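Here is how the chains run, residue by residue.
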Amino acid sequence: MRRRPLSQRPRGMSVIEILIAYTVLLVAVLALLGSLPMAAQQHSSGVTANQALYYAEQKMDELIRNDTKISTSGEFQDLPLNDNTMVRTWKGEIGNDTAVETITVKVTWLTEHGQREVVLRSYVHI
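A brief look at the structure comes next. Please read all numbers here as calculations on a predicted model, not as lab measurements.

The rules behind these values
Residues numbered from 1 in each chain as written. Predicted model: local features only at pLDDT ≥ 70, side-chain atom pairs only at ≥ 80, totals over all residues. Heavy atoms only, no water. Salt bridge = Lys/Arg side-chain N within 4 Å of Asp/Glu carboxyl O. Buried < 20%, exposed > 50% of the residue type's maximum accessible area, 1.4 Å probe, protein only. Helix = DSSP H or I, 4+ residues; strand = E, 2+ residues; numbered from the N terminus. Contact = heavy atoms within 4.5 Å. Phe/Tyr/Trp six-rings, centres within 6.5 Å; stacked < 30°, edge-to-face > 60°. Lys NZ or Arg CZ within 6 Å of the ring centre and 35° of its normal. Patch = residues over 30% accessible without salt bridge, like charges linked within 9 Å, V, L, I, M, F, W, Y side chains within 5 Å. Areas by Shrake-Rupley, 256 points an atom, 1.4 Å probe, with all protein chains shown as cover.

Next up on the list: the pattern of salt bridges. All chains considered together, the criterion is met by four salt bridges. The salt bridge partner of glutamate 93 is lysine 91, with a shortest N-O separation of 3.4 Å. In this structure glutamate 93 comes out as partly exposed when scored by relative accessible area, which is 39%. Glutamate 117 serves as the salt-bridge partner of lysine 106, at 4.0 Å between the closest nitrogen and oxygen. Remark: glutamate 117 occurs in strand β4 (residues 114-125) and lysine 106 occurs in strand β3 (residues 100-111); sequence separation between them is 11 residues.

What follows is the structure, given as structure tokens:
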């Protein structure tokens with residue numbers, strides 16, 4: 001049996017080639033779909049951390065703007081969301097250099113993996 005020249009052979013893909021291509025495509029799509037829940041969880045966690053950072057910055061700005069010496073007053077606490085999802089604490093400390101006060105603002109919240117926190121520190125000349 002003689003072979004036909006390439007120009008006269010039938011063109012196109014066989015059924016086997018099409019099935020293999022669809023299988024590869026299906027595996028790729030399933031891998032992408034499997035990563036979506038984790039991506040959504042990471043996004044949610046990032047949004048919460050961003051919100052906590054905002055509340056910490058807000059309190060730090062307020063303390064510095066009011067120019068109050070808080071190092072002699074102890075530690076304070078409030079709930080920036082008016083519920084128990086986040087707790088914000090702040091305090092001031094005088095170090096070895098009595099002309100500098102360290103102000104620390106911390107926001108903590110609970111996740112399914114445990115407690116998370118954002119801490120800001122600022123050094124203020126008093």
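We now examine the side chain of threonine 89. Structurally, threonine 89 is set in strand β2 (residues 86-94). For threonine 89, a relative accessible area of 12% corresponds to the buried category. Discounting residues that sit within four places of it in the chain, threonine 89 has contacts with Glu75, Phe76, Gln77, Thr104, Val105 and Lys106.

As a further point, take the packing of aromatic side chains. By the definition in use, this model includes two aromatic pairs. Ring plane angle 20° and centroid distance 5.8 Å describe the contact between phenylalanine 76 and tryptophan 90, whose orientation is recorded as stacked. Taken together, the positions of phenylalanine 76 in strand β1 (residues 76-78) and tryptophan 90 in strand β2 put the pair 14 residues apart, joining distant regions of the chain. On the basis of relative accessibility, which here comes to 33%, the residue phenylalanine 76 falls in the partly exposed class. Geometry around tryptophan 90 places lysine 59 over its ring, the cationic atom sitting 4.1 Å from the centre.

A cluster of nonpolar side chains, contributed by Met13, Ile18, Tyr22, Leu25, Leu26, Val29, Leu30, Leu33 and Leu36, occupies part of the molecular surface with about 910 Å² of accessible area. Of note, leucine 36 is situated in helix α1 (residues 15-66).

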